[in-house]
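Architecture at a glance
If you want the building blocks of each chain, they are given just below.
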Amino acid sequence: MLFMKNLKKMEKMEVNKLYCKSSEDMSEIDDESISLVVTSPPYNINIKYGNKHKNGKVISTKGIKYQDNLSEEEYKKLLKKVFQECQRVLKKNGSIWVNIKNRCKDGIIIPPFWILDLFKDMYLKNIIIWNFDWGGSTNKRFAPRYEYIFWFTKDKNEYIFNLDDIKIPALNYRPDRFKSQWKNPTDAWYIQLVSGNYPERTSHPAQYPEELIERIIKVASNENDIVLDPFIGSGTTARVAKDLKRQFIGYDTNKEYINMADKRLKLSIQRKKHETKDTRQYYFSMDNKTLSDFIKNKKGR
Amino acid sequence: MVEAKYEFGDCLELMKSLKTNSIKMAVTSPPYNLNKSYGLYADDVHLDEWKKLIDKSMKEVHRVLTKDGSFFLNVSPVPDKKTKEIIPLDSIAWQLGKKNGFFLRNKIVWHFNNMQNCVQRLSGRWEAVLWFVKDINDYVFNLKEIKIPCITKKDKRFNVNAGRNPTDVWYFDRVNNMTKKKLGLEDHPCIYPGPMIERIIKMSTNKGDWILDPFVGSGTTLVVAKNLGRNSIGYELDKKFEELIKTRLTKEATQTKLN
């Protein structure tokens, strides 16, 4: 066994690779070699995504399903193992960013604070609110329009935080005055969901937007650093990491997703540059009056 | 005649005088563990003390609320004084709420602009408003009263003019120093915005209902409740706010609506 382990150590670790296996075991990755882990774990809410309903029956379905109905115990055990592995491979100045949302069970909201238990040895730096428009409506309570991103660092003080690379225009932004017009993007982010007509859209049921990952990769890693996503899904993390000249490693148990992600990595998409003509794209839900004025001045958003 | 009552002292003691099942809604922003000076409060109580305070006041609030009543609690993630690590007070408050028999109906995010900037992490621009109900199937929710403009203007599927659900992400400006000066409120460090309380009161109570704020501070809840024709009662530890509340109730409450 020891011999095998040593042999493995001699081999050079492979990067820019997507593994089709469970990330509970990431022995392919050396200890303290990864700068950034960014992921959106399966939510385990057993929703069949992309279905069209009529009179309570499913009439058509699109998108590839993933196994998302583990028992609660198995699910937490899986995440615990995966994030333990993540902490092993993380560099001392590295960080882990986890995208997760409130659950709704029998009408009762359950916030995902249990995730904090899996990161007892790390420091919580921010709880980011990711806000977006569109989604299901309800008249019994407020319609859900946000998800969380929990940001943990391994060291209390030493961690990568390239604030200058992700600054956004200030509220009083004026292009003719460059100085002090750019500010910290704060812990409340307004980034649109991946809608059906986006070029980045794949058939994954729960794809997260490239713009969201772009901000995280820019702020929490440097060029040539390795970015790890233990639940790679449609490959968004890898795609953006590649575009931003970072290395990547990804895991997923679904072969179809891995194929889809590999295909996506081969495409030569020019990443769209976000222009700052309209600061609205950075700020969310303004007060009612500002919002209605804004809508009035815009034809068919 | 609408009543707006206020008393000074320990809210845990004062709440005992309230009848069981007599209050339709409680809304409050308890002192945080922030080391801000709230007059009498030495607000650097250890986290355990804070938990005890919230736990006990929740128990009392649960007792006095009607069966279809709601409890709105404004708390936020705060950085620890020493380690600067974020402590999610909203998580702690949620646990305590569950323990005291409440159901979480929404965890509302209150987003705002303009506060201090951070360079070592992302600047904080949100707080949580936990909406607890006593009965998950039966509670007051006047959605019609608080709808906001639709995003799309030409959707034939629904009546665009009727507006839409304001969602669980709310934007309200903070009460900044300029507004505080205008209203003569410089004495109180943390005041929550009137329009936000207005939305909460409109959605969860009807005219003539009773509203409770166990940590009433400068009296915002009382003022807005009075404007909207609801009865209210507030408790505050520090008597120095007495004059302020009195003035606000006569001045602001007769002014035009806060919104």
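Residues numbered from 1 in each chain as written. Chains lettered and ligands numbered in written order. Predicted model: local features only at pLDDT ≥ 70, side-chain atom pairs only at ≥ 80, totals over all residues. Heavy atoms only, no water.

1. Details of the overall build of chain A
Along chain A, the regular secondary structure elements total six helices and 14 strands. Within the span of chain A, comprising 301 residues, buried residues form 51% of the whole. Taking the intrachain contacts of chain A between residues at least 6 apart in sequence as the baseline, contacts between residues at least 24 apart amount to 69%. For chain A, the exposed area adds up to about 15900 Å²; of that, 51% sits on carbon and sulfur atoms. (Helix = DSSP H or I, 4+ residues; strand = E, 2+ residues; numbered from the N terminus. Buried < 20%, exposed > 50% of the residue type's maximum accessible area, 1.4 Å probe, protein only. Contact = heavy atoms within 4.5 Å. Areas by Shrake-Rupley, 256 points an atom, 1.4 Å probe, with all protein chains shown as cover.)

2. Digging into unusual backbone geometry
A positive phi angle is found at A:K245, which is not glycine, with a value near 65°. Examined against the element boundaries, A:K245 turns out to sit in the loop between α4 (236–243) and β14 (247–251). Given the relative accessible area of 54%, A:K245 is considered exposed. With a phi angle near 55°, B:N21 is a residue other than glycine that sits in the positive phi range. Mapping B:N21 onto the fold places it in the loop between α1 (11–14) and β2 (23–28). Judged by its relative accessible area of 47%, B:N21 is partly exposed.

3. Observations concerning the interface of chain B and chain A
With 50 residues of chain B in contact, the opposing surface of chain A contributes 56 residues. For the pair chain B and chain A, the summed buried area comes to about 4400 Å², and 64% of that belongs to carbon and sulfur atoms. Run the count over chain B and chain A and you get 19 residue pairs in polar contact (both at pLDDT 80 or more). Among the secondary structure elements, those contributing two or more residues to the side of chain B that touches chain A are β7 (86–88), α3 (89–99), β8 (103–111), β9 (126–133), β10 (169–171) and α5 (194–204) of chain B. The leading source of residues in the side of chain B that touches chain A is β8(B), at eight residues. Here the residues of the side of chain B that touches chain A are counted per class, giving 27 nonpolar, 13 polar and ten charged. (Buried area = accessible area lost by both parts, 1.4 Å probe. Polar contact = N/O pair within 3.5 Å; in protein donor to acceptor, adjacent residues only side chain to side chain. Nonpolar A, V, L, I, M, F, W, Y, C, P; charged D, E, K, R; others polar.)

4. Describing the confidence of the model for chain A
All names here are of chain A. In this model, chain A carries a mean pLDDT of 76, and residues with pLDDT of at least 70 account for 68%. The spread of mean pLDDT over the elements of chain A runs between helix α6 (residues 288–296), the lowest at 49, and strand β13 (residues 226–229), the highest at 95. Below a pLDDT of 50 lies the segment residues 273–289, which in the model reaches 51 contacts outside its immediate sequence neighbourhood of four places, other chains included. (pLDDT = per-residue confidence, 0-100.)

5. A word on the sheet that holds strand β11 (residues 210–213) of chain B
Residue and element names in this part refer to chain B. Sheet architecture is open: eight strands sit in the order β1-β12-β11-β2-β5-β9-β8-β10, paired in mixed fashion. Here the strands that pair on one side only, and so sit at the sheet edges, are β1 (4–8) and β10. When strand polarity is set aside, the average angle formed by the axes of neighbouring strands in this sheet is 20°. As paired elements, β8 and β9 share eight bridges and run antiparallel to each other. Across the sheet, residue N106 finds its bridge partner in β9, namely W131. Docked against the sheet, α3 engages β5 (65–75), β8 and β9, running at close to 5° with respect to β9. Along the sheet, α5 makes contact with β2, β5, β8, β9, β10 and β11, crossing β2 at roughly 160°. (Pairing = 2+ DSSP bridges. Axes fitted to C-alpha atoms, helices over the stretch in contact; angles between N-to-C directions.)

6. Things to note about the pattern of salt bridges
Residue and element names in this part refer to chain A. Across all of its chains, the model carries 18 salt bridges over all chains by this definition. In this structure, R88 and D31 form a salt bridge, with 2.5 Å as the shortest nitrogen-oxygen distance. Residue R88 is located in helix α2 (residues 72–89), and its partner D31 is located in the loop between β1 (17–19) and β2 (34–39); the two are separated by 57 residues in the primary sequence. By relative accessible area, which is 27% here, R88 ends up partly exposed. Look at D31 and you get partly exposed, because its relative accessible area is 46%. (Salt bridge = Lys/Arg side-chain N within 4 Å of Asp/Glu carboxyl O.)

7. Observations concerning helix α5 (residues 255–266) of chain A
Because an α-helix packs 3.6 residues into every turn, residues spaced three or four apart end up facing the same way. Helix length check: α5(A), at twelve residues, gives a terminal C-alpha distance of 17 Å against a target of 16 Å (1.5 Å per residue), a fit within 8%. The inward-facing, buried residues of α5(A) contact β1, α3 (210–220), α4 and β14 of chain A. (Expected span 1.5 Å × (residues − 1).)

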